[in-house]
Amino acid sequence: MEIILLTDIANLGHKDDIVDVKQGYGRNYLIPQGYAILATPSARKVVAENLRQRAHKEAKLKAEAEAIAAQLAEVKLTIGAKTSSTGKIFGSVNSIMISESLKEKGFDIDRKKIMLKDVKEIGTYTALIKLHREVKVDVEFEVVSE
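What you see is a predicted model; the values in this text were computed from it and never measured.

A. Seen up close, the overall build of the protein chain. Scanning the protein chain from terminus to terminus reveals three helices and nine strands. Ordering the α and β elements of the protein chain from the N terminus gives β-β-α-β-α-β-β-α-β-β-β-β. Over its C-alpha atoms the protein chain spans a radius of gyration of 20 Å, topping by over 25% the 15 Å that the globule rule assigns to 146 residues. The principal-axis extents of the C-alpha atoms in the protein chain amount to approximately 65 × 35 × 15 Å. Within the span of the protein chain, comprising 146 residues, buried residues form 30% of the whole.

B. Seen up close, the environment of Gln53. Counting through the fold element by element, Gln53 comes out in helix H2 (residues 41–72). In this structure the side chain of Gln53 is engaged in a polar contact, spanning 2.9 Å, whose partner is the side chain of Glu49.

C. Main features of the side chain of His132. Note that His132 resides in the loop between strand E8 (123–130) and strand E9 (136–145). Overall, the relative accessible area of 15% leaves His132 in the buried class. There is a polar contact of 3.3 Å between the side chain of His132 and the side chain of Glu58.

D. Structural view of the pairing of E8. The pairing of strand E6 (residues 114–115) with E8 spans two bridges and is antiparallel. Counted as the bridge partner of Ile114 is Ile129 from E8. Linkage of E8 to E9, two consecutive antiparallel strands, is achieved through a turn of five residues.

E. Structural view of the sheet that holds strand E4 (residues 76–81). In spatial order, the strands read E4-E9-E8-E6; together these four strands make up an open sheet with mixed pairing. If you trace the sheet from one side to the other, it starts and ends with E4 and E6, each paired once. Where E8 lies against E9, eight bridges are found, and the strand directions are antiparallel. The partner of Gly123 across the bridge, within E9, is Val143.

F. Representation of the environment of Ala63 within the structure. For Ala63, the position within the fold is in helix H2. What makes Ala63 partly exposed here is its relative accessible area of 42%. Once the C-alpha coordinates of Ala63 and Thr124 are considered, the two residues, 61 residues apart in sequence, prove to be 29 Å apart.

Cut-offs applied
- Sequence order sets the numbering: in each chain, residues are counted from 1 along the sequence as written.
- pLDDT decides what is reported in this predicted model: residues at 70 or higher carry local features, side-chain atom pairs at 80 or more are listed and counted, and totals for whole chains, interfaces and linings draw on all residues regardless.
- Derived side-chain values reflect all non-hydrogen atoms in the structure, with water molecules and hydrogen atoms excluded from consideration.
- Each helix corresponds to a stretch of at least 4 residues labelled H or I by DSSP, and each strand to a stretch of at least 2 residues labelled E; elements are numbered beginning at the N terminus.
- With the radius of gyration taken over C-alpha atoms, the globule rule is written as 2.2 Å times the number of residues to the power 0.38.
- Residue burial is assigned from relative accessible area. The probe radius is 1.4 Å, only protein chains are included, and a residue is buried under 20% of its type maximum, exposed over 50%, and partly exposed in between.
- Counting of polar contacts relies on pairs of N or O atoms within 3.5 Å, with two restrictions inside protein: one atom must be capable of donating a hydrogen and the other of accepting it, and residues adjacent in sequence are counted only when both atoms are side-chain atoms.
- For two strands to count as paired, DSSP must find a minimum of two bridges between them.

The structure is reproduced here in structure tokens:
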């Protein structure tokens, strides 16, 4: 079944995308939760008109995201964590810590836009930051013992 997304949904699509999903997922979850509507011909026309009107605004947002990405590519973060004598971290480094560290450097990035793998040891890692649907940047960070 084809639906039109009303919000960004991870691993499915972005707002106003027309995607094909299984009927149960669409009828039992996406539509009742208000995340999507059926892709009827009239709904498709409305979405096409909205996208056409929003194209200029999207171009401006993308340019801003690219400017921030260029600045973020040069940033190197250092995050302190409590560790054992073998270098294992008590707990793990998460997106909240990365977001707070970026805030100290002058970047206000929402933690939900930061993707990283499990970090449980001291070392150098990279985090993927999704600034825009088409603009992504890798930020290096080093985990050190406090």
